[in-house]
Amino acid sequence: MKFQKRKKRRIFTPHFYFVLWCGCIVSQSLLVSGFLNVVLSTIQVEFQMTSAKAAMFPSNYDIAVATTVLIVAHFGSTHKPRTLGAGMVVLATGSFLFALAHFLYGTAELEADDSDDLYLCETSGNSSNSDSECSKDDVTLSNPGAYYLLTIGSIMIGLGASPVYTAGTTFCDEIFPPDKVSLYFGISYGIGALAPAMGYVLGGVFLSYYKTLGEAPNGLTPDDANWVGAWWLGFLVTAVLGYIFGFILLLSLLSYQSAKKSRRRN
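Definitions and limits used
Residues numbered from 1 in each chain as written. Predicted model: local features only at pLDDT ≥ 70, side-chain atom pairs only at ≥ 80, totals over all residues. Heavy atoms only, no water. Helix = DSSP H or I, 4+ residues; strand = E, 2+ residues; numbered from the N terminus. Buried < 20%, exposed > 50% of the residue type's maximum accessible area, 1.4 Å probe, protein only. Contact = heavy atoms within 4.5 Å. Areas by Shrake-Rupley, 256 points an atom, 1.4 Å probe, with all protein chains shown as cover. Polar contact = N/O pair within 3.5 Å; in protein donor to acceptor, adjacent residues only side chain to side chain. Salt bridge = Lys/Arg side-chain N within 4 Å of Asp/Glu carboxyl O. Expected span 1.5 Å × (residues − 1). Phe/Tyr/Trp six-rings, centres within 6.5 Å; stacked < 30°, edge-to-face > 60°. Lys NZ or Arg CZ within 6 Å of the ring centre and 35° of its normal.

**Here we look at the overall build of the protein**
Now for step 1: Of the regular secondary structure elements, the protein holds 10 helices and two strands.
Now for step 2: Helices and strands in the protein line up, N terminus first, as α-α-α-α-α-β-β-α-α-α-α-α.
Now for step 3: Here the protein holds 266 residues, and the buried ones make up 45% of them.
Now for step 4: Considering only residue pairs separated by 6 or more positions, the protein has 83% of its internal contacts joining residues 24 or more positions apart.
Now for step 5: Of the roughly 13,800 Å² of accessible surface on the protein, 61% is carried by carbon and sulfur atoms.

**Considering the environment of His102**
Now for step 1: In this fold, His102 is placed in helix H5 (residues 80-105).
Now for step 2: The contact partners of His102, leaving out residues within four places of it in the chain, are Glu46, Phe47, Lys211, Trp231 and Trp232.
Now for step 3: Here the side chain of His102 touches Trp232 through a polar contact of 3.2 Å, side chain to side chain.

**Describing the pattern of salt bridges**
Now for step 1: Here the structure, examined in full by the defined rule, presents two salt bridges.
Now for step 2: Of the charged contacts, one joins Glu174 and Lys80 as a salt bridge, the two residues approaching to 3.0 Å between their closest N and O atoms. Placement of the pair is Glu174 in helix H7 (residues 167-175) and Lys80 in helix H5, with a sequence separation of 94 residues. Grouping residues by exposure puts Glu174 and Lys80 together as buried.

**Considering helix H8 (residues 178-207)**
Now for step 1: Across its 30 residues, H8 extends 44 Å between first and last C-alpha, which sits within 8% of the 44 Å expected from 1.5 Å per residue.
Now for step 2: Residues Val181, Tyr184, Phe185, Ser188, Gly192, Ala195, Pro196, Gly199, Gly203, Phe206 and Leu207 constitute the buried set of H8.
Now for step 3: Residues of H8 that are buried in the fold lie against helix H2 (14-46), H7 and helix H9 (232-250).

**As for the environment of Tyr165**
Now for step 1: In this structure, Tyr165 sits in the loop between helix H6 (144-161) and H7.
Now for step 2: Looking at Tyr165, the relative accessible area reads 35%, which means it is partly exposed.
Now for step 3: When the C-alpha positions of Tyr165 and Val69 are compared, they lie 9.2 Å apart, and in sequence the two are 96 residues distant.
Now for step 4: Excluding its chain neighbours within four sequence positions, the residues that come into contact with Tyr165 are Ile25, Gln28, Ser29, Tyr189 and Gly192.

**Here's the deal with the packing of aromatic side chains**
Now for step 1: Inspection of the entire model under this criterion finds 18 aromatic pairs.
Now for step 2: Linked through ring pairs, Phe18, Trp21, Tyr165, Phe176, Tyr184, Phe185 and Tyr189 together constitute an aromatic cluster.
Now for step 3: Over the ring of Tyr147 we find Lys53; its NZ or CZ atom is 5.0 Å from the centre of that ring.

Here it is in C-alpha cells:
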C-alpha cells in the first residue's frame, strides 16, 4: 500500500500535471474554437433547423462559461486538479451528447436532386398565400429532440470549460517557481492557439466523409447542398480526450499543500 502511494506521488509531479493541463486546453480548444465552428452549418442541415436555432449552441456555451467561472474559481480552489478533472468529464459528456444526437435523431438519406428546403412550414388550408414564402412564425422545428439534446450538450461544454483557464492557470502558478512559470504559461497558451487550427483541419477532413462513414447515396457528393459529412467524429474525439484527461486528474494526489512543498523544493 505504501509502495502504491509512493508510486502515485512520483507520477503526479508538477510536470506531469502540466502535460495534463495542456491536454485539457487542446481538448477544449479543439472542440469549442475548432470543431463546433466548422460543423455548425452541417448540424443545421442534418437536423433541419433554422440558422437562428443553430446559432444558439455557441451562445449557450458562452452563457454557461460566464455564469459559472466565478463560482468555479471560488469553490474550486480547494483541490484545483480535481476541479479541472471534474470539469473535463462534464465537457466530455457534453461533447458526447452532440455525437449521440446524430445516432438518435439523424435524418434520412438524401439524394442529390432532393429539395434544398431544410424547414417544415405549416399553413392553414384556406390561406390565400399558402404558396408564398412562409413567415417566421410558420417555420417549425422538425427535430426538437435533437435540438434539446444539443442545447444540453452545449451548456455542459460551457460548464466543463470553466476550470480550464481558472483552476488550471492558478494551479500552474502555484506549482512552478516564479522565474519559470512564465515559460510554462507561454507554452500552454501557444498550444491553445494552435489547437483551433488543428480543429479546423480535422473538421474539414471529417466532413469529407459521408455521415455514415459508408458510401453516399447515388449522385450525392460533397459539393451538393444536401451533403452531410461525418461531423460527429470530432465530438467523439474530444469526448474521448476529455474523459482520459479528466479521470486521470480526478485521481490526482497533487493538492495545494503538496504544490507548495514542490515549489519550495524547486
